[in-house]
Amino acid sequence: MDTSSIGAQGTKTAAKAPALPRLDASAGRAKAEQSGLSRQRIRTAWLFLTPMMIGLAFVAGWPLLRTIYLGFTDATLSNIDSYSFVGFENYLVYDNGHWYGLLADSLWWKSVWNTLYITLFSVSIETVLGVLVALILHAKFPGRGLVRAAILIPWAIPTVVSAKMWGWMLHDQFGVINDLFMTLHIISEPIAWTVNPDTVLGTIVAVDVWKTTPFMALLTLAALQMLPKDCYEAARVDGIHPIRVFFKVTLPLIKPALVVAVVFRLLDALRIFDLVYILTSNSEDTIVMSVYARQALIDFQQIGYGSAASTLLFLMVFGLTLLYIFATRLKLDGSGDH
Amino acid sequence: MKTLKLLTGRALFALAVLALLLYTIFPFYIAVATSFGAGTGEHVYTPAYFDLRNYLSVFKEQPFFHNILNSALVSFATVAISLLIAVTASYALARVHFRGRTLLLLTVLGVSMFPQVAVLSGMFELIRMLGLYNSLGSLILSYTVFSLPFSVWILTTFMRGIPKDLEEAAIVDGATPWQIITRIFMPVLWPALVTTGLLAFIGAWNEFMFAITFILSNENRTVPVAISMISGDSQYELPWGPVMAASVVVTVPLIALVLIFQRKIVEGLTAGAVKG
């Protein structure tokens, strides 16, 4: 794995050479013929890109635009063919001495708060855990390959299955977690983890961390394996404590990879749906933005209102991602082109 | 003194590895044990019997076999179509210099950050318009498009890594881009295709929100939705044995894939992210 990454890094520099001059190797060809050839290549390139662009435009771009538009209408599932434009009424409207709409709905704000809470705790805990696991797997020990394969298991299990599995393990009467914790005297009586409002958000974070730590660990491990070995040799010769080496040398060097891994996880955590939907169904204590929006759209059949909620979620994901990219000065051209 | 320190270090490390293994494997072990009757009576952590009653009941009481076929069909179709589109697109993005290329790559990446629910109402409309509501076609269409961004992203990264000489020689010999892809790139590229295909497969096999929204009837459902809908005699108590049996059935193929192709999957994940 490490060698292939390094190999790809190496060719990165090779790819910088401009496209045209390399044909000069076949000397004697007329310039006109060359540019004709490259124009033809570019035409073919666009032809090759067309299916992807059509797919993305019609099945991702168009639905997004429709969602944004429908958010400004009073569409419901029953009047889907004859709705009318209502401006910002789904978002906020003042009527008869009361404020109505999404921004005036305390449940909406609760879902925003829950989403941010889960995202913040889940992503930070799994980043720390992921780095720890990666450090363990980076050391050489017998059976390392096996352990590395084993930690992929939580990642591969469908979210629905892991939600059911944990729902069962956290069961208030028969669950093994209560049994385990009581045997270890961590708790004195069974707790209804997924029902009790005090524990339920933490429970969701814990299950999410279990499922997503492997991803963080593997990405961090890959970054660790690309580090130069000589600075560690130097540090060891100088007798610097390993923990100090980690914070002064390792962490700064793997930071770019961590930053990217965190972006991917942030995007995922902000749109969390399956886990919350299965583990706690329609509980208001744990409602998150995706669950709120889908409930409005499908269960209450209020297409307009639900679309408005979806649009706000999209804007939030978009805004927070931009903010994060700017804050960490992440380079997203990523293509190895510059 | 020094050896003692070394030994405690080793012991602590072994303990950490053990804890890690327990943490990752224990929940799945409990699922397997429960499908054989654990969690009832005295057997809290260990199976109570070793017959297949829970497995049989899953297949008897709902169209679970159908659900598995649906999931397989949708996942394979998604992988095939999205790989075909992604290979040609990423060849263009990785190998041809044209204006707007970086912008296009960024747009592709942007699509991968769409929350599913943000396209749900628009997609619902589109699917009804195309007459795909309550058919597997709706899932193949949506999964294909939503797996395209990372497929294109990973394949573009891999294709940049292929040496130029091969392609140049082919161009001089007058090979068309399609010939270059099929004759020259494919043999070098197949490990990347396996990786990308696996990730797309796992994504399609596990997807839940579109599957529960666009499919109405039991026989057309995919396995994640089928599992979420298993219910018992009482509204409040799930039949945990069958639920865990179903979970084990749909998870074992995935775990097998992951264990066999471990290296490939890690390569794909890192190519998609670390180099970003």
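Residues numbered from 1 in each chain as written. Chains lettered and ligands numbered in written order. Predicted model: local features only at pLDDT ≥ 70, side-chain atom pairs only at ≥ 80, totals over all residues. Heavy atoms only, no water.

### Describing empty space enclosed by the protein
- Evaluation of the coordinates by the stated rule reveals four cavities of 30 Å³ or more.
- Taken as a whole, the second largest cavity spans an internal volume of roughly 50 Å³.
- Lining the second largest cavity, in full, are A:Val133, A:Ile151, A:Trp210, A:Thr213, A:Pro214, A:Ala217, B:Leu20, B:Tyr23 and B:Thr24.
- Looking at which element gives the most residues to the lining of the second largest cavity, the answer is helix α8 (residues 200-225) of chain A, with four residues. (1 Å grid on protein atoms, 1.4 Å probe; cavity = no way out; pocket = protein on both sides within 12 Å on 5 of 7 lines; lining within 4 Å. Points joined across faces, edges and corners; volume = space filled by probe spheres on them. Helix = DSSP H or I, 4+ residues; strand = E, 2+ residues; numbered from the N terminus.)

### Notes on a nonpolar patch on the surface
- Together, A:Leu92, A:Tyr94, A:Trp99, A:Leu103 and A:Trp109 line one region of the surface with nonpolar side chains, adding up to about 550 Å² of accessible area.
- Following the sequence through the fold, A:Trp109 ends up in helix α3 (residues 106-138). (Patch = residues over 30% accessible without salt bridge, like charges linked within 9 Å, V, L, I, M, F, W, Y side chains within 5 Å. Areas by Shrake-Rupley, 256 points an atom, 1.4 Å probe, with all protein chains shown as cover. Salt bridge = Lys/Arg side-chain N within 4 Å of Asp/Glu carboxyl O.)

### Digging into the interface of chain A and chain B
- Taken together, the contacts link 104 residues of chain A with 105 residues of chain B.
- Buried area between chain A and chain B, summed over both chains or domains, comes out near 9,400 Å², and the portion from carbon and sulfur atoms is 75%.
- The tally of links from chain A across to chain B stands at two salt bridges.
- Where chain A touches chain B, the interface holds 18 residue pairs in polar contact (both at pLDDT 80 or more).
- Looking at the side of chain A that touches chain B residue by residue, the class counts come to 74 nonpolar, 16 polar and 14 charged. (Contact = heavy atoms within 4.5 Å. Buried area = accessible area lost by both parts, 1.4 Å probe. Polar contact = N/O pair within 3.5 Å; in protein donor to acceptor, adjacent residues only side chain to side chain. Nonpolar A, V, L, I, M, F, W, Y, C, P; charged D, E, K, R; others polar.)

### Things to note about the domain arrangement of chain B
Residue and element names in this part refer to chain B.
- As assigned here, chain B comprises domain 1 (1-51) and domain 2 (56-273).
- For domain 1 versus domain 2, the separation of C-alpha centres amounts to 33 Å.
- Contacts between the two partners involve five residues from domain 1, matched on the other side by eight residues from domain 2.
- Both faces considered, domain 1 and domain 2 share a buried interface measuring about 460 Å² in area, 90% of it formed by carbon and sulfur atoms.
- When the area that domain 1 buries against domain 2 is broken down by residue, the three leading residues are Phe 28, Thr 34 and Ser 35, summing to 76%. (Domains from an automatic or database assignment.)

### Thoughts on the environment of B:Met229
Residues and elements named next belong to chain B.
- Relative to the elements of secondary structure, Met 229 occurs in helix α10 (residues 223-229).
- Put simply, Met 229 and Asn 218 are eleven residues apart on the chain and 9.5 Å apart in space, counted from C-alpha to C-alpha.
- Setting aside anything within four residues of it in sequence, one finds Met 229 in contact with Ile 212 and Arg 221.

### Topic: the domain arrangement of chain A
All names here are of chain A.
- Under the domain assignment, chain A is made up of domain 1 (22-70) and domain 2 (96-327).
- Here the C-alpha centre of domain 2 lies 38 Å away from the C-alpha centre of domain 1.
- Residue-level contacts link four residues of domain 1 with six residues of domain 2.
- For the domain 1 and domain 2 pair, buried surface summed over both sides reaches about 400 Å², with 77% attributable to carbon and sulfur atoms.
- On the domain 1 side of the contact with domain 2, Leu 64, Thr 67 and Leu 70 bury the most area, a combined 82% of that side's loss.
- Applying the counting rule to domain 1 against domain 2 returns zero salt bridges.
- Between domain 1 and domain 2 we count zero residue pairs in polar contact (both at pLDDT 80 or more) in total.
- Class assignment for the residues of the side of domain 1 that touches domain 2 results in three nonpolar, one polar and no charged.

### Some thoughts on unusual backbone geometry
All names here are of chain A.
- A positive phi angle is found at Asn 96, which is not glycine, with a value near 55°.
- Among the secondary structure elements, Asn 96 is positioned in the loop between β1 (93-95) and β2 (98-100).
- A positive phi angle, close to 60°, is found at His 185, a residue other than glycine.
- Along the chain, His 185 turns up in the loop between α7 (176-183) and α8.

### Re the pattern of salt bridges
- Across all of its chains, the model carries nine salt bridges over all chains by this definition.
- The salt bridge partner of B:Glu125 is A:Arg66, with a shortest N-O separation of 2.6 Å. Here the residue B:Glu125 occupies a position in helix α5 (residues 116-129), and A:Arg66 occupies one in helix α2 (residues 31-70), the pair thus bridging two chains. Judged on exposure class, the residue B:Glu125 and its partner A:Arg66 are both buried. (Buried < 20%, exposed > 50% of the residue type's maximum accessible area, 1.4 Å probe, protein only.)

### A few points about the nonpolar core
- In this structure, A:Met52, A:Trp155 and B:Phe210 are the most contacted members of the largest nonpolar core, which totals 187 residues.
- Residues contacting A:Trp155, with those up to four places away along its chain left out, are A:Lys211, A:Pro214, A:Phe215, B:Leu199, B:Ile202, B:Val258, B:Ile265 and B:Leu269. (Core = buried A, V, L, I, M, F, W, Y, C linked by side-chain atoms within 4.5 Å.)

### Concerning the layout of surface pockets
- Roughly 1,800 Å³ of volume is contained in the second largest pocket.
- Breaking the lining of the second largest pocket down by element, the ones donating at least two residues are α3, α4 (144-150), α8, α9 (230-237) and α10 (242-270) of chain A together with α1 (2-35) of chain B.
- It is α1(B) that contributes the most residues to the lining of the second largest pocket, eight residues altogether.
- Taken together, the residues of the lining of the second largest pocket sort by class into 23 nonpolar, six polar and ten charged.

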